[in-house]
Amino acid sequence: MTLPDSELPRTEDEWRVRLSPDEFRVLREHGTEPAWTGEYVDTKTAGMYRCRACGVELYPSDTKFDSHCGWPSFDDAIPGAIKEIEDNSLGMRRTEIRCARCDSHLGHVFRGEGFTPKDTRHCVNSLSIRLDPSTT
């Protein structure tokens with residue numbers, strides 16, 4: 001399911017061919033899908049969430065929780081799978097999260113909200129991830 005390094009697109013034009021227009025807008029142009037519209041907002045299925053662009057594992061389903069914010073929320077990622085970038089766009093100070101492997105936009109991370117004992121919320125676009133359901 002994970003693309004071999006040799007098959008990862010090298011240019012934005014190559015990504016544009018591989019991804020749907022909506023996926024490209026979110027993953028490569030740092031867009032956001034409208035709240036409450038993503039396919040994984042309310043999903044409870046066990047499995048592994050992977051980067052929709054390159055297929056690398058990002059979030060085990062047991063880290064997903066209901067934050068009632070309109071996007072899938074996770075309180076932890078697989079170590080090394082996510083990189084954080086300071087984001088001062090839209091007149092706000094936030095922390096963008098991207099796939100560490102292919103640099104695709106996932107969403108933003110928020111801390112100090114008190115939702116979970118880890119006190120972290122990875123707010124992720126459904127268009128940025130794909131669930132690989134458990135078979136056991």
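These figures come from a predicted structure and were not determined experimentally.

## Focus on the overall build of the protein
Each helix and strand in the protein was counted, giving 2 helices and 9 strands. Put simply, the protein runs from its N terminus to its C terminus through helices and strands in the order α-α-β-β-β-β-β-β-β-β-β. Referenced to the eigenvectors of the C-alpha coordinate spread, the extents of the protein come out at roughly 45 × 40 × 30 Å. Counting across all 136 residues of the protein, residues that qualify as buried make up 48%. When the accessible area of the protein is evaluated, it comes to approximately 7200 Å², of which 49% is carbon and sulfur surface. Separation of charge centres in the protein, based on 18 positive and 24 negative side chains, amounts to 1 Å.

## Let's talk about the sheet that holds strand S5 (residues 82-87)
Across a sheet, strands are paired by hydrogen bonds formed along the backbone, either parallel or antiparallel in direction. Taken together, 6 strands build an open sheet; the order of strands is S3-S4-S8-S7-S6-S5 and the sheet is antiparallel. Taken across any chain shown, the strands that pair with only one partner, and hence form the sheet edges, are strand S3 (64-65) and S5.

## Some points on the environment of Gly38
Tracing the sequence through the fold places Gly38 in the loop between helix H2 (21-27) and strand S1 (47-51). By relative accessible area, Gly38 is classed as buried at 15%. Counting along the chain gives 32 residues from Gly38 to Gly70, while the straight-line C-alpha distance between them is 8.2 Å. Residues in contact with Gly38, not counting those within four places in the same chain, are Glu33 and Ser126.

How each quantity is defined
Residues numbered from 1 in each chain as written. Predicted model: local features only at pLDDT ≥ 70, side-chain atom pairs only at ≥ 80, totals over all residues. Heavy atoms only, no water. Helix = DSSP H or I, 4+ residues; strand = E, 2+ residues; numbered from the N terminus. Buried < 20%, exposed > 50% of the residue type's maximum accessible area, 1.4 Å probe, protein only. Areas by Shrake-Rupley, 256 points an atom, 1.4 Å probe, with all protein chains shown as cover. Lys, Arg positive; Asp, Glu negative; His and termini not counted. Charge placed at Lys NZ, Arg CZ, Asp CG, Glu CD. Pairing = 2+ DSSP bridges. Contact = heavy atoms within 4.5 Å.

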